[in-house]
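One-letter residues, chain by chain:
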Amino acid sequence: MVTGSSQIWAPWVMDDIHSKAELGRYRIRGFSSFQNVTHFDDLTFLSTGLTRFPLEGYKERCNTRTVIGGLNAEQPLVLETPIYISGMSYGALSANAKIALGKAATMIGSASCTGDGGMLQGERDASDKLVYQVLPSRYGFNPHHLAGAQAVEIVVGQGAKPGTGGMLMGIKVQGDVAEMRDLPQGIDQRSPARHPDWLGPDDLAVKIEQIREATDWRVPVHVKLGACRVDDDVKLAAKAGADAIVIDSMVAGTGASAEVLIEHSGIPTVPAIVMAREALRELGLYGKVSLIASGGIRHGADAAKALALGADAVAIGLGALIALNCNKEIPESNFPEEIGVEAGLCHHCHTGKCPVGIATQDPLLTQRLDPDEGAERVANYINSMTMEMTLLTRSLGKSDVHSLEPEDLAALTLEASAMARIPLVGTNKVFGE
Amino acid sequence: MAAKGEEITVLNPNARHNLGVAIFDMCTIRFEGSVGYYAASMLDGPEVVIEGNAGWALGENMMAGKISVSKNAGASVGSTMRGGELFVGGDAGARAGISMKGGSLIVAGNSGFLTGFMMQKGRIIICGDAGEALGDSMYEGTIYVGGSIASLGADATIEEISEEELLDVLAALRDHGIENKRSFTKVVSAKKLYHYDTLERLEKSAL
């Protein structure tokens, strides 16, 4: 008997076809891409030896303070760590989760960000530094909230689903979530993909000026891009006047999206950062317009590598949620019974049945997340990441995480070499050049 | 720029963009001339009068107050507005009232394509003709058209207008000196796109 299994028609591919044969539509899920793409693990740091001296890894001062958007804003966003919490909506997340993220950001001297659903007052109260998003839907958009923000982020695209709008299934469009969005209760919300009031980059320049007027030119205006046509998009956003550009890659998380978009659009984080850096350099704006990377930042090494490649800061979403207990069996939960999979395999944020109270609006499930305890875990996690970054930075003989640079890295694979534009280990060759 | 109770006249606005943005104090602002993009946007309270034309996104995301433009308004007039009243004395461009979340948008002339696109709440009155894809993907809210409708958008449907509604519309127009319109077609959401037709097992169990 011949044995083996098809790589093309794998069991999960057949399951996917069976599901679509029943559904008659694209499938929806949350979490992040399952693709095995080039990532930070394919890069390694070249720490010091005899050519340079390390700093004492555990003690010597190493700066992590980060200034974002100093180009035009009177009050740039100053963070104590180059890691902040990216935009995730109240609606996709519970109020307790949003408040926990806001508190965590305050505890570590960083920022949190609103998301596609308006500003939850609880997050505003908890977060000293809040980035207010301007999304195509403008759900809950309030100029008073805008005026009180510490930074503004115009969202052009999201890495997990570039070229389309947000999604929130009816189970979550309930109560004040629906009211804040001015939507009928219980509808399957599919947000607009295009901004209602501007279309191209020339319009964006006027939009940015409008936001500066509304915020008295105080705070930085970021533009968030789903990483696809990075070179063109970054140049156009920078020329339109962005103080900072957030480049969100294909491995970034989402609370709900058509799976076909999660898996089949966008580019990975490593080349996205490098392309964005080079686009800014070509305009003479590298180091002036801040570059923020997001998508698949799991630990301090990922964050440090992102900075070495050219980012000024990183934004984390899924990592912060995992610190809140996403995919962890807790005493109150029973993943197999409640969501149908073991903890660690859950990507069902869109169902609203999150067993740990994060991605839900169910009042009983929400109680499973204590915002104070959650905030402490997220703050610990980001503090750990920051310490990992400084440890690596000192091992490279540097006293500032912002001094990390591409020559501190080597590529472990041909693909990483080509995408990161860094020599392959054991060679002096950058492949693809 | 403006203080409570003040009356401000802006001479020669020269169609500049971003005039009168995010003004929250109750005051009156008069622009004697045309304005560019985003005039009187993010407004909360003031009364704004524009003697001329307006560029894109006049009154974008206004929360409350009154805006009146004597001539034409460009694309996306009243986009995402959440309250107040916006009156266009001439024609409105494409995407008038796009993603509206409240308030009242009145157009004395015609409006362009995708008027009321993804409208969520509020009222749009078009005295003249409406362009293609009227009310496409609207969630709620109501659009009244006095002239012809080039085509309805996805999930938009015509519903019979009640006598009471018609009187409301006529009263709103009378406030702006429009007396000659007597009949309107009412367009609302058919609500057929509110939900996915089918759900996976886990999605069903959540409901």
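Source: prediction; values computed, not measured. (Residues numbered from 1 in each chain as written. Chains lettered and ligands numbered in written order. Predicted model: local features only at pLDDT ≥ 70, side-chain atom pairs only at ≥ 80, totals over all residues.)

Draft legend 1. Molecular detail of the overall build of chain A. Looking only at helices and strands, chain A has 15 helices and 16 strands in total. C-alpha atoms of chain A, sized along the principal axes, occupy 75 × 60 × 45 Å. For chain A, the proportion of its 433 residues judged to be buried stands at 57%. Within chain A, residue pairs in contact and separated by at least 24 positions form 67% of the contacts whose partners lie at least 6 positions apart. (Helix = DSSP H or I, 4+ residues; strand = E, 2+ residues; numbered from the N terminus. Buried ≥ 20, exposed ≤ 12 C-beta atoms within 10 Å, placed from the backbone. Contact = placed C-beta atoms within 7 Å.)

Draft legend 2. Structural view of the overall build of chain B. Within chain B, the regular secondary structure consists of two helices and ten strands. Shown N-terminal to C-terminal, the secondary structure of chain B runs as helices and strands in the order β-β-β-β-β-β-β-β-β-α-β-α. Computed over its C-alpha atoms, the radius of gyration of chain B comes to 18 Å, within 12% of the 17 Å expected for a compact globule of 207 residues. Judged by the C-alpha coordinates and their principal axes, chain B covers about 60 × 45 × 25 Å. Expressed as a percentage of the 207 residues in chain B, the buried residues total 55%. Across chain B, every contact between residues at least 6 apart in sequence was considered, and the portion connecting residues at least 24 apart equals 19%. (Rg over C-alpha atoms; globule rule 2.2 N^0.38 Å.)

Draft legend 3. Fine view of the packing of helix H7 (residues 230-239) of chain A against helix H9 (residues 269-283) of chain A. All names here are of chain A. The N-to-C vectors of H7 and H9 enclose an angle of 45 degrees; their axes lie 8 Å apart at closest approach. Between H7 and H9, the crossing angle belongs to the class labelled oblique. Crossing of H7 over H9 shows right-handed handedness. Between H7 and H9, the contacting residues are Val-230, Asp-231, Val-234, Lys-235 and Ala-238 on the first element and Ala-272, Met-275, Ala-276, Ala-279, Leu-280 and Leu-283 on the second. Considering only residue class, the contact of H7 with H9 consists of nine nonpolar, no polar and two charged. (Axes fitted to C-alpha atoms, helices over the stretch in contact; angles between N-to-C directions. Parallel < 35°, antiparallel > 145°, perpendicular 65-115°, else oblique. Left-handed = near helix turned anticlockwise from the far one by under 90°. Nonpolar A, V, L, I, M, F, W, Y, C, P; charged D, E, K, R; others polar.)

Draft legend 4. Structural view of the interface of chain A and chain B. In this assembly, 31 residues from chain A lie in contact with 36 residues from chain B. Among the elements of the structure, helix H1 (11-23), helix H4 (143-147) and helix H6 (201-214) of chain A are those that each provide at least two residues to the side of chain A that touches chain B. Its residues placed into classes, the side of chain A that touches chain B shows 13 nonpolar, nine polar and nine charged.

Draft legend 5. Representation of the sheet that holds strand S6 (residues 101-107) of chain B within the structure. All names here are of chain B. With mixed pairing, the ten strands of this open sheet are ordered in space as S1-S2-S3-S4-S5-S6-S7-S8-S10-S9. The open sheet is flanked by strand S1 (7-11) and strand S9 (156-159), the only strands paired with a single partner. Across the sheet, the mean angle separating the axes of adjacent strands is 15 degrees when strand polarity is ignored. In this sheet, strand S4 (residues 64-69) lies alongside strand S3 (residues 44-51) in parallel orientation, the contact comprising five bridges. Across the sheet, residue Val-48 finds its bridge partner in S4, namely Ile-67. (Pairing = 2+ DSSP bridges.)

Draft legend 6. Region of interest: the nonpolar core. All names here are of chain A. Judged by nonpolar contacts, the single largest core of 191 residues is most densely connected at Ile-245, Ile-247, Ala-276, Ile-292, Val-314 and Val-378. The element best represented in this core is helix H14 (residues 371-395), accounting for eight residues. Aside from chain neighbours lying at most four places away, what touches Ala-276 is Val-230, Val-234, Ile-245, Ile-247 and Leu-291. (Core = buried A, V, L, I, M, F, W, Y, C linked by C-beta atoms within 7 Å.)

Draft legend 7. Here's a closer look at the pairing of strand S10 (residues 185-189) of chain B. All names here are of chain B. Both strand S8 (residues 142-145) and S10 contribute to a ladder of three bridges, which runs antiparallel. Within S10, the position partnered with Val-145 by the bridge is Thr-185. Looking at chain direction, S9 and S10 are connected through four bridges and run antiparallel. If you follow Ile-158 over to S10, its bridge partner there is Val-187.

Draft legend 8. Fine view of the sheet that holds strand S12 (residues 244-248) of chain A. All names here are of chain A. Read from one edge to the other, the open sheet built from eight strands follows the order S5-S15-S14-S12-S11-S8-S7-S6, with strand pairing classed as parallel. Edge positions in the sheet fall to strand S5 (83-85) and strand S6 (112-113), since each of these pairs with one other strand and no more. Where strand S8 (residues 151-155) lies against strand S11 (residues 221-226), four bridges are found, and the strand directions are parallel. If you follow Val-155 over to S11, its bridge partner there is Lys-224.

Draft legend 9. Examining H14(A) more closely. If you check H14(A), its first and last C-alpha atoms are 36 Å apart, about what 25 residues at 1.5 Å a residue would give, namely 36 Å. The first or second residue beyond H14(A) is A:Gly397, which carries a positive phi of 80 degrees. (Expected span 1.5 Å × (residues − 1).)

Draft legend 10. Structural view of the pairing of S8(B). Residues and elements named next belong to chain B. Along S8, one buried face is formed by Thr-142 and Tyr-144 and the opposite face, lined by Ile-143 and Val-145, is buried too. In this sheet, S8 lies alongside strand S7 (residues 121-126) in parallel orientation, the contact comprising four bridges. Opposite Ile-126, over in S8, you have Val-145 as the bridge partner.

Draft legend 11. Main features of unusual backbone geometry. Positioned with a positive phi, A:Asp216 is a non-glycine residue whose angle comes to about 55 degrees. Note that A:Asp216 resides in the loop between H6 and S11. Taking the C-beta count within 10 Å as the criterion, A:Asp216 has 11 such neighbours and is therefore assigned exposed. Look at B:Ala57: it is not a glycine, yet its phi comes out positive at around 60 degrees.

Draft legend 12. A look at the environment of B:Glu164. Looking at where B:Glu164 falls in the secondary structure, it is placed in helix H1 (residues 163-174). C-alpha of B:Glu164 to C-alpha of B:Thr198: the two residues are 34 residues apart in sequence and 39 Å apart in space.

Draft legend 13. Representation of the confidence of the model for chain B within the structure. On average, chain B scores 95 in pLDDT, and the residues at 70 or more come to 97%. Here the complex is predicted with pTM 0.97, and the ipTM for its interfaces comes to 0.96. (pLDDT = per-residue confidence, 0-100.)

Draft legend 14. Representation of the environment of A:Pro196. Mapped onto the elements, A:Pro196 comes out in the loop between strand S10 (189-190) and H6. A tally of 25 C-beta atoms within 10 Å means that A:Pro196 is categorised as buried. C-alpha of A:Pro196 to C-alpha of A:Leu135: the two residues are 61 residues apart in sequence and 9.4 Å apart in space. Contact partners of A:Pro196, with chain neighbours within four places excluded, come to A:Pro136, A:Arg138, B:Ser76, B:Ser79, B:Thr80, B:Arg95, B:Ile98 and B:Ser99.

Draft legend 15. The arrangement of the environment of A:Ile68 in detail. Residues and elements named next belong to chain A. For Ile-68, the position within the fold is in strand S3 (residues 66-68). A sequence separation of 54 residues divides Ile-68 from Met-14, and the C-alpha atoms of the two residues are 47 Å apart. When residues no more than four places from it in sequence are discounted, the contact partners of Ile-68 are Pro-76, Leu-77, Leu-79, Ala-151, Pro-220, Ala-244, Ser-290, Ile-292, Asp-312 and Ala-313.

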